[in-house]
Amino acid sequence: MTTPTISRDRIKTIAQREAAAFLAARPKSKELAEQTEQHYLFGVPLHWMADWGTPVPLFVERAQGAHFTCVDGHSYSDFCLGDTGAMFGHSPAAVAAKLAEKSTEGYTAMLPTAAAAVAGKALTERFGLPFWQLATTATDANRFVVRWARAITQRKKILVFNGCYHGTIDDVFVDLDPNNPDAPPTTRASLLGQVYDLTQYSDVVEFNDIDAVRAKLVSKEFACVLTEPALTNCGMVMPADGFLKQLRDACNETDTLLVFDETHTISAGYAGYTGLCDFLPDMIVAGKAIAGGLPCAVYGMSAEVAAKMRAAKEAAPPGHSGIGTTLSGNMITMSLLATNLTEVATKEAFEQIIAQQSKLSDGLRAVIARYNLPWNVTQLGARSEFQFCPESPKNGKEAEAAMDAELEQAVHLYLLNRGVMITPFHNMTLVCPDTSDADIEKFLTAFESCVKELII
Ligand SMILES: Cc1ncc(COP(=O)(O)O)c(C=O)c1O
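Residues numbered from 1 in each chain as written. Predicted model: local features only at pLDDT ≥ 70, side-chain atom pairs only at ≥ 80, totals over all residues. Heavy atoms only, no water.

- As annotated in an unreviewed UniProt entry, the chain carries the name Aminotransferase and comes from Formosimonas limnophila.
- Note on the chain: under the UniProt heading Cofactor (unreviewed entry), the record states "pyridoxal 5'-phosphate".
- Annotation of the chain in UniProt includes, under Sequence similarities (unreviewed entry), the sentence "Belongs to the class-III pyridoxal-phosphate-dependent aminotransferase family." (UniProt positions renumbered as here; feature names shortened; annotations may be inferred.)

Encoded structure:
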């Protein structure tokens, strides 16, 4: 069977047709877009909301479990799930009940509540790191972790992997030149208003290249290596066998801290990807879904790192640490964090969502095989990514080379018009405890019919 060709003209024709169909079926979204255009820059509260490739933003009415309804009354099976925030479903019942219960008991006092004790114990038991701090977003948690790492190691540099994303923390936006592996790293070209030379203290190598990691760390100038255990923001890149352990060893040998950002890779299981490893990182970051989708993030640390953090704080003159925000660990999110950890994000919930994602991933693979497309699907527990390359990429460069913005837009719009939503950036799919076999069937049917049309 020959590999089918997908012509650029065909992609454009489908995208245009689907955009027109989207608009025709959504007069209320169109009307609301006309209103918000007048008051919001880019017509939306956050400019990313305009990045979905739809002719006007899709205005949501309500969301529950694995589904949401738009203002025009269409219902959708949601496989984007707020790009992970709603990984345990929209408004998970126990979190919603706790939110209602606590809504009249105060929101923020800059003091702990009894829920802090419950959440702290639950985090330690789950991830295996003994000490924790709260932040409001995963971006902030990463920012704080990098500061702590620099403070306690007295080293200025950090090492990240090409194609990484850890939120809008500036320090990680350094890239390798895709056309020249020997060229020095550069500050990410798309950043707005960045005036510092980020390459001064941030360095970058390709994921899965342990020799490149070692060559950097040997200088003992690096405070930490900050990484997702599998890259999930440039498509998906899984760690090669043994790579993470080698990374752990390279960090140990050079007294460099190893930080796992589990914000997305928590999809791998109850204790994130860390739970699949036979070693612990020095620090862990998690956010987005950790308190059921409400603004909350956490970062954990080993006893050794915690002792150094205490010493650094005590040694510093009184005044601002540069770490923390007023609403971090507020009364409401502490309660929701405790509830989500103990009642929602349970081992059973993970078993269920991983099993459902396996059905989806297998189904997508079957469609791809039926039409002999040079695409592949990589599953990471409850999330997966289909990528426009025959094999799972080994690093950020390969993952980025497989991206095709036009094709993505056509596929995403096609799915959306058939009641299936996936993430707007690359081709990530995520399932939640409420995702049913019928949702998966709906996805696979729409995906197959999209593929058929593309290869005509
Ligand atoms: C791995 C990772 N870390 C951190 C973040 C930042 O999360 P937030 O935007 O909630 O700050 C993201 C966001 O996509 C992420 O993918």
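### Overview of the environment of Cys 296
Phase 1: With respect to the helices, strands and loops of the structure, Cys 296 is situated in the loop between β11 (283–286) and β12 (297–301).
Phase 2: The class for Cys 296 is buried, based on a relative accessible area of 2%.
Phase 3: Distance from Cys 296 to Thr 136, taken between C-alpha atoms, is 4.3 Å for residues 160 residues apart in sequence.
Phase 4: Discounting chain neighbours no more than four positions away, the residues touching Cys 296 are Leu 134, Ala 135, Thr 136, Gly 287, Lys 288, Ile 290, Ala 291, Thr 333 and Leu 337. (Helix = DSSP H or I, 4+ residues; strand = E, 2+ residues; numbered from the N terminus. Buried < 20%, exposed > 50% of the residue type's maximum accessible area, 1.4 Å probe, protein only. Contact = heavy atoms within 4.5 Å.)

### Some details on helix α10 (residues 347–370)
Phase 1: Its 24 residues place the ends of α10 35 Å apart at the C-alpha level, agreeing with the 34 Å of an ideal helix rising 1.5 Å per residue.
Phase 2: Check the buried side of α10 and you find it contacts α4 (114–127), α9 (331–344), β13 (376–380), β14 (383–387), β16 (428–430) and α13 (437–454).
Phase 3: Positive backbone phi, at 55°, marks Asn 372, one or two positions downstream of α10. (Expected span 1.5 Å × (residues − 1).)

### Some details on the site of the ligand
Phase 1: As a structural note, the neighbourhood of the ligand is formed by 13 residues, with Thr 139, Asn 233, Asp 261, His 264 and Lys 288 the closest of them.
Phase 2: The contact in question runs from an oxygen atom of the ligand to an N or O atom on the side chain of His 264, over 3.2 Å.
Phase 3: One of the side-chain N or O atoms of Lys 288 is found 2.6 Å from an oxygen atom in the ligand.
Phase 4: Here the shell around the ligand takes three residues from helix α5 (residues 138–153), the largest share from any one element.
Phase 5: A per-class count over the shell around the ligand returns two nonpolar, eight polar and three charged. (Near = heavy atom within 4 Å. Polar contact = N/O pair within 3.5 Å; in protein donor to acceptor, adjacent residues only side chain to side chain. Nonpolar A, V, L, I, M, F, W, Y, C, P; charged D, E, K, R; others polar.)

### Structural notes on the environment of Glu 314
Phase 1: Considering the arrangement of structural elements, one finds Glu 314 in helix α8 (residues 303–315).
Phase 2: Relative accessible area serves as the criterion here: at 65%, Glu 314 is assigned to the exposed category.
Phase 3: Along the primary structure Glu 314 and Thr 435 are separated by 121 residues, whereas in three dimensions their C-alpha atoms are 49 Å apart.

### Topic: helix α2 (residues 27–37)
Phase 1: Those residues of α2 lying buried are Ser 29, Ala 33 and Thr 36. Considered in projection along α2, the buried side chains sweep an arc of 70° and stay on one side of the axis. (Arc of directions from axis to C-beta.)

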